[in-house]
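An overview of the molecular structure
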Amino acid sequence: EAIVFEEEKPLSITHLCERCMISEIEIEELVYEGVIEPLSIQEESWTFSSETMWRVKKVQRLRRDLDLNISGAALTIQLLDRIEELEKMIKRRTE
């Protein structure tokens, strides 16, 4: 599933929830688990980068396809991120 970023302006938590079809509580859990990070927190209103949608959708696929809870999906995302980081390090050293 390809994700097209229509805009680069920050998304409100409400807009992010609508675009990803996810509840605010689930977004808060993803923030708590360290999967996503708000750009800013102002008067109890979070804003997110448009790239955050990619991560949220990835979490949703993991939860759906592997029947993971949010904590399990968060751990999986963090491990995938680490693998990607290590692969980049290896590539730089072999160039």
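Before reading on, note that the structure itself is shown above.
Conventions and cut-offs
Residues numbered from 1 in each chain as written. Predicted model: local features only at pLDDT ≥ 70, side-chain atom pairs only at ≥ 80, totals over all residues. Heavy atoms only, no water. Pairing = 2+ DSSP bridges. Helix = DSSP H or I, 4+ residues; strand = E, 2+ residues; numbered from the N terminus. Phe/Tyr/Trp six-rings, centres within 6.5 Å; stacked < 30°, edge-to-face > 60°. Buried < 20%, exposed > 50% of the residue type's maximum accessible area, 1.4 Å probe, protein only. Salt bridge = Lys/Arg side-chain N within 4 Å of Asp/Glu carboxyl O. Disulfide = S-S within 2.5 Å. Arc of directions from axis to C-beta. Contact = heavy atoms within 4.5 Å.

We now examine the sheet that holds strand E2 (residues 40-42). Within a beta sheet, neighbouring strands are joined by backbone hydrogen bonds and run either parallel or antiparallel to one another. Reading across from one edge, E1-E3-E2 is the order of the three strands in this open sheet, with antiparallel pairing throughout. Bordering the open sheet on either side are strand E1 (11-12) and E2, each of which pairs with just one other strand. Sheet analysis places E2 next to strand E3 (residues 45-48), joined by three bridges and oriented antiparallel. Bridging from a neighbouring strand, Gln 42 pairs with Ser 45 of E3.

Below, the discussion takes up the packing of aromatic side chains. By the definition in use, this model includes one aromatic pair. Taking the centre distance of 6.1 Å and the plane angle of 75° together, the rings of Trp 46 and Phe 48 count as edge-to-face. Both residues of the pair, Trp 46 and Phe 48, count as buried.

Here we come to the pattern of salt bridges. Inspection of every chain in the model, using the stated rule, returns five salt bridges. Of the charged contacts, one joins Arg 63 and Glu 26 as a salt bridge, the two residues approaching to 3.0 Å between their closest N and O atoms. Of this pair, Arg 63 sits in helix H3 (residues 52-66) while Glu 26 is found in helix H2 (residues 24-33), placing the two residues 37 residues apart along the sequence. By relative accessible area, Arg 63 is classed as partly exposed at 26%. Residues Arg 64 and Asp 65 are paired through a salt bridge, measuring 3.0 Å at the closest nitrogen-oxygen approach.

Going through the model one piece at a time under the given rule, you end up with zero disulfides. Cysteine Cys 17 is unpaired, with the sulfur of Cys 20 as its nearest cysteine sulfur at 7.9 Å.

The phi torsion at Met 21 lies on the positive side, around 50°, for a residue other than glycine. Relative to the assigned elements, Met 21 resides in the loop between helix H1 (13-20) and H2. Residue class for Met 21 comes out exposed when judged on its relative accessible area of 73%. If you check the backbone angles, Asp 67 has positive phi at about 55° while not being a glycine.

Okay, H2 next. Along H2, the residues that are buried comprise Ile 27, Leu 30 and Val 31. End-on view of H2: buried residues confined to an arc of 100°, all on one side of the axis. Away from its buried face, by an angle of more than 90 degrees, H2 presents the exposed residues Ile 25 and Tyr 32. Where H2 is buried, its residues meet H1, E3, H3 and helix H4 (70-94). Phi turns positive, to about 85°, at Gly 34, one or two residues after H2.

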